[in-house]
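Per-entry structural report
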Amino acid sequence: MDYLPLVFNILLLLFWVRLWSAPDREFYFNPFLSGTVRMTDSALAFLRPVLNLPDRGAALLVILFVVAFKTVVLGRLNVPWTLSFGIDFLFAPAATATATPWKMQFLYSMFHFASFLFKFWCVCLIVKFITPSQHPTRASEALDFFARPFSFLPLLLQPVVLAVLHVALAFAVTRTGVLNMTNPLTQETKLIAVSPFLSGPLFAQLLKTGWLAALSMADGFALLIRALFVLIIGNLAAAVFQVQSLLIICNEGVELLMGRFARNRAMAGMGLDFTPLIFFFVVDMVYRGICLGLENLINSPFFN
C-alpha cells in the first residue's frame, strides 16, 4: 500500500499551497491550476460557515486533520511508518514492547509529509537548473505555484534553504527513530542495533547526519524519476485511447521534467521518441551512483 501515503501527501500539498496563495486576488487561466484551485476552494467554502475562520486558517486546520486522519487510517491498516533516505536507509518510529505510540505515529506522519514536500522542492530546483532560460510555460507556472513558498525565494538562495531543511529533517529523524538497513541482494531489512548517526565522536555523528541530509536531497532525483514514469505511462495511455487533453498534459509534463534534454516536438515529427526513456535510465543511474557514494561514506569505518 505504498500508494496510500503518496495520495495523502499530494492532498496535503494542495492545501499547503493554499496557505501561500490568495485566489481572491489571483486569476488562474492555466488549465494545470484551475481544477485543483476549484477543488480546494470548494472544500474551504463548505467548511467556512462551520469553522468561522479565514481561508488560510481553515486550510491549516484541514492540513492537521488530514495528517491525523492519515495517521489513524494507515495505523489501522498496519501500514509501516518508514522514512527512506536513499536506497538502503529506512527509519521507523521507536516502538514500545507492545506497539508504536500514537504520538510517535503522528510525528512520523508529519515527517513523512515534510520529507515529500522537501523532495518535491528538490525536483523543482533540478528542473530549474536543467531548463534553458525562456518564457515560462503552463507546466512551469504550475510547478512554481505548487512549490510555494519555496518558489518565492531567489534561485541562488534555494539550494541553501533546501540544505538547511534536509539537515533539520535528518537530525530529527535520526534522534527519534530506529534505523533499518536494506540488503541490496535480498531486499530484506534488518534492525541496526547501533546507529552510525548516534555513535562515535560528535563530529562524526554530525558529519554523517549531513551526508544523510545530502542523501535525502538526492532522493529528489527518485521523485523526478517516478513522476516521469507516470507521465510516460499516461502519455502512452492517452495516445491509445485518444484522450487529447491528457495527452497534452503528459507531453508538457514530460518536457518540463526533462528541461533542455527534451526533444522539440516540431522537429521530432510523428516518429517514436525514445528520449524520455533514455533520460529516465540516465537519471536513475546518476541517482544510484550518488546514493552508493554517500552510503559508503556513512558506513565507512574511517569516520567511526
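Before going into details, it helps to say that this report is about the structure given with it. Because the structure is a prediction, the values reported are computed rather than measured.

Details of the overall build of the protein chain
Helix and strand counts for the protein chain stand at 10 helices and four strands. Residue burial in the protein chain is summarised as follows: out of 304 residues, 44% are buried. Contacts in the protein chain between residues far apart in sequence, at least 24 positions, make up 73% of those at least 6 positions apart. Accessible area of the protein chain: about 16,800 Å², with a carbon and sulfur share of 71%.

Quick word on the nonpolar core
It is characteristic of soluble globular proteins that their nonpolar side chains tend to be buried jointly. Counting residues in hydrophobic clusters, the biggest one holds 78 residues, and the most contacted among them are Phe85, Phe89, Phe91, Phe120 and Leu212. Broken down by element, this core gets its largest block of residues, 17 residues, from helix 4 (residues 102-130).

Structural notes on a nonpolar patch on the surface
A surface patch of nonpolar side chains, about 750 Å² in accessible area, is lined by Phe274, Leu277, Ile278, Phe281, Val282, Met285, Val286 and Ile290. Looking at where Ile290 falls in the secondary structure, it is placed in helix 10 (residues 275-299). By relative accessible area, which is 31% here, Ile290 ends up partly exposed.

Conventions adopted
- Residues numbered from 1 in each chain as written.
- Predicted model: local features only at pLDDT ≥ 70, side-chain atom pairs only at ≥ 80, totals over all residues.
- Heavy atoms only, no water.
- Helix = DSSP H or I, 4+ residues; strand = E, 2+ residues; numbered from the N terminus.
- Buried < 20%, exposed > 50% of the residue type's maximum accessible area, 1.4 Å probe, protein only.
- Contact = heavy atoms within 4.5 Å.
- Areas by Shrake-Rupley, 256 points an atom, 1.4 Å probe, with all protein chains shown as cover.
- Core = buried A, V, L, I, M, F, W, Y, C linked by side-chain atoms within 4.5 Å.
- Patch = residues over 30% accessible without salt bridge, like charges linked within 9 Å, V, L, I, M, F, W, Y side chains within 5 Å.
- Salt bridge = Lys/Arg side-chain N within 4 Å of Asp/Glu carboxyl O.

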